[in-house]
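Survey of secondary and tertiary structure
Listed below are the residues making up each chain.
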2 protein chains.
Amino acid sequence: MRILLVGATGTLGTAVHQELVARKHDVVTVARTGGDLQCDVTDPEQVAGLYRTVGQVDAVASAAGSAPYRPISELTVADYQAAVTGKVLSQVALVKEGLTHVTESFTLITGVLAREPIVTGAAASLANGAVEAFVRAAAIEIAPQRINAVSPTVFTESLDVYGDFFPGMKPVPVAEVVRAYVRSIEGRQTGQVYVP
Amino acid sequence: MRILLVGATGTLGTAVHQELVARKHDVVTVARTGGDLQCDVTDPEQVAGLYRTVGQVDAVASAAGSAPYRPISELTVADYQAAVTGKVLSQVALVKEGLTHVTESFTLITGVLAREPIVTGAAASLANGAVEAFVRAAAIEIAPQRINAVSPTVFTESLDVYGDFFPGMKPVPVAEVVRAYVRSIEGRQTGQVYVP
């Protein structure tokens, strides 16, 4: 398949890229800087331009999203908006603009905080909950195009940096998260939230 | 208890108001127009002003939130933003600004579309999913203050207007939804999403 991979240069995106190439897919990588194509997906105009440049693809996989982490007493309404812009509306735009360019499927990134909160994570939880509900809703309207989310917890490989924020929570190896992307892209389910 | 009721003049808000008064609570009603106090809760400045006017309350109950309904092919990124502004950030601001004014609890409104989608409801689903995840996250940081969500499906009383959008889905009498508000306000749980 020809696959547009957004957020291709991060820890997860790099691993997804390697696996998709190993599985003989033709992957077009997108990142804010680096990758085959540069795009700030928080700007819907740039997302529309990205699809004009790329043309038709079989699948879109997103591993891009950011949200501010702060104690809830310090999170401002602007911080929650930043999470919405950086992780929700960006991925919604990838779907919205992709409806006329994507043959088979969209795979979005969300995360465990949609269901299991951590301290300082309220904005990220809000964003993840939004993405997961959007995926379930979009699925019933975009068929036969498919859409799923991958919702990992902290990566085993990132425990030294983020482990203290996830006390006692079981980490997941990046390879297991990559497997969920493959399942979404090569499988046939839709409206699913894969928890690797 | 002294309770600030936001969205007090709608179908749900009116019913919540009646029950809270019947239960001998002192209810300050808020609406965009009408109510004891007028406030556009989508404006964080007005929310801050609302709390300055009201002072200390025991509980805040929100029955206010709006989102655009359109086929997903017609929903724009601006429509999703409108849902976020109209139902998510508005209620987040009620919590954020209320942290220093509310003694006991916050009760927010969300809805079945967080879990069960309907056609034309993608923006509303996104907003509801955001609110429910936020409630779970906020709960672990604001204790001993509590926060819950009430997540109803279509009201039995609204079936003649909205029934066609919820084919085969069981409606809920407004009185059952009101009961969930009472449970949140007078009970002791936190981080719950009550599905009446």
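Sequence order sets the numbering: in each chain, residues are counted from 1 along the sequence as written. To read the labels, note that chains go from A and ligands from 1, taken in the order they are written. Local features in a predicted model are, by the rule used here, given only for residues with pLDDT of at least 70; side-chain atom pairs are given and counted only at 80 or more, and totals for whole chains, interfaces and linings are based on all residues. The basis for every side-chain value is the complete set of non-hydrogen atoms in the structure, without hydrogens or water.

Looking up chain A in an unreviewed UniProt entry gives the name NAD(P)-dependent dehydrogenase, short-chain alcohol dehydrogenase family, with the organism given as Lentzea fradiae. UniProt positions are given in the numbering used here, feature names are shortened, and annotations may be inferred rather than shown by experiment. UniProt's Sequence similarities (unreviewed entry) comment on chain A is quoted here verbatim: "Belongs to the short-chain dehydrogenases/reductases (SDR) family."

Residue and element names in this part refer to chain B. When DSSP locates at least two bridges between a pair of strands, those strands are taken to pair. Here a strand is any run of E in DSSP of at least two residues, a helix any run of H or I of at least four, and the numbering for each starts at the N terminus. Read across the sheet, 7 strands follow the order β3-β2-β1-β4-β5-β6-β7 without closing on themselves; strand pairing throughout is parallel. Edge positions in the open sheet fall to β3 (37–38) and β7 (193–194), since each of these has one partner strand only. Relative to strand β4 (residues 57–62), strand β1 (residues 2–6) runs parallel, the two sharing 4 bridges. In the strand pairing of β4, Leu-5 is matched with Ala-61. Should any heavy atoms of two residues lie within 4.5 Å, those residues are counted as being in contact. Note on method: axes are straight lines fitted to C-alpha atoms, helices fitted across the in-contact stretch only, with angles between N-to-C directions ranging 0 to 180 degrees. The sheet strands contacting helix α2 (residues 44–54) are β1, β2 (26–31), β3, β4 and β5 (102–109), and the helix crosses β1 at an angle near 155 degrees.

Facing 37 residues of chain A, the contacting portion of chain B comprises 37 residues. Where chain A abuts chain B, roughly 2900 Å² becomes buried across the two surfaces, and 72% of that area is made up of carbon and sulfur atoms. Broken down residue by residue, the surface that chain A buries against chain B is led by Ile-72, Val-77 and Glu-141 of chain A, which jointly contribute 22%. We define a salt bridge as a side-chain nitrogen of Lys or Arg found within 4 Å of a carboxyl oxygen belonging to Asp or Glu. At the surface where chain A touches chain B, the tally comes to 0 salt bridges. Two N or O atoms count as a polar contact when they lie within 3.5 Å, although within protein this holds only if one can serve as hydrogen donor and the other as acceptor, and sequence-adjacent residues are included solely when both atoms are side-chain atoms. Counting across the interface, chain A meets chain B through 11 residue pairs in polar contact (both at pLDDT 80 or more). Those elements giving two or more residues to the side of chain A that touches chain B turn out to be α3 (77–98) and α4 (122–142) of chain A. In terms of residues, the side of chain A that touches chain B owes the most to one element, α4 of chain A, which gives 13 residues. The term buried area refers to how much accessible surface (probe radius 1.4 Å) is lost by two components on association, counted for both of them together.

Residues below a pLDDT of 70 in either copy are left out; the C-alpha atoms of the rest, at least 70 in both, set the least-squares superposition of the copies. Between chain A and chain B, which share one sequence, the superposing operator has a rotation angle of 180 degrees and an axial displacement of 0.0 Å; the RMSD is 0.0 Å. Interpreted geometrically, this transformation is the action of a two-fold axis. Mapped onto chain B, 100% of the interface residues of chain A are again interface residues, and the two copies thus contact each other with one and the same surface.

All names here are of chain B. Following both chains from N to C, one finds α2 and helix α3 (residues 77–98) inclined at 45 degrees, their axes separated by 9 Å at the closest point. The orientation of α2 relative to α3 falls into the category oblique. Of the two possible hands of crossing, α2 and α3 adopt the one that is right-handed. In this structure, α2 uses Pro-44, Val-47, Ala-48 and Tyr-51 to contact α3, whose residues at the interface are Ala-93, Leu-94, Glu-97 and Gly-98. Each angle is binned into one of four classes, with values under 35 degrees roughly parallel, values over 145 roughly antiparallel, values of 65 to 115 roughly perpendicular, and all other values oblique. Should the near helix be turned anticlockwise from the far one by less than a right angle, the crossing is termed left-handed; should it be turned clockwise, right-handed.

With that settled, the discussion passes to the sheet that holds strand β7 (residues 193–194) of chain A. All names here are of chain A. Across the sheet, 7 strands lie side by side as β3-β2-β1-β4-β5-β6-β7; this open sheet has parallel pairing. A strand with exactly one partner marks an edge of an open sheet, and here the two such strands are β3 (37–38) and β7. Across 4 bridges, strand β4 (residues 57–62) lies against strand β5 (residues 102–109) in parallel orientation. Across the sheet, Val-57 pairs through a bridge with Val-102, a residue of β5.

Moving on: the packing of aromatic side chains. Pairing of aromatic rings covers Phe, Tyr and Trp, the last counted by its six-membered ring, and requires centre-to-centre distances within 6.5 Å; plane angles under 30 degrees mean stacked, over 60 mean edge-to-face, and any other angle means tilted. Inspection of every chain in the model, using the stated rule, returns 2 aromatic pairs over all chains. Between the aromatic rings of Tyr-80 of chain A and Phe-134 of chain B, the centroid separation amounts to 5.5 Å while the plane-to-plane angle is 85 degrees, which identifies the pairing as edge-to-face. On the criterion of chain membership, the pair formed by Tyr-80 of chain A in helix α3 and Phe-134 of chain B in helix α4 (residues 122–142) is interchain, its members lying in two chains. Taken as a pair, Tyr-80 of chain A and Phe-134 of chain B share a single burial class, namely buried. Each residue is placed in one exposure class: buried if its accessible area under a 1.4 Å probe, protein chains only, is under 20% of its type's maximum, exposed if it is over 50%, and partly exposed if it falls in between.

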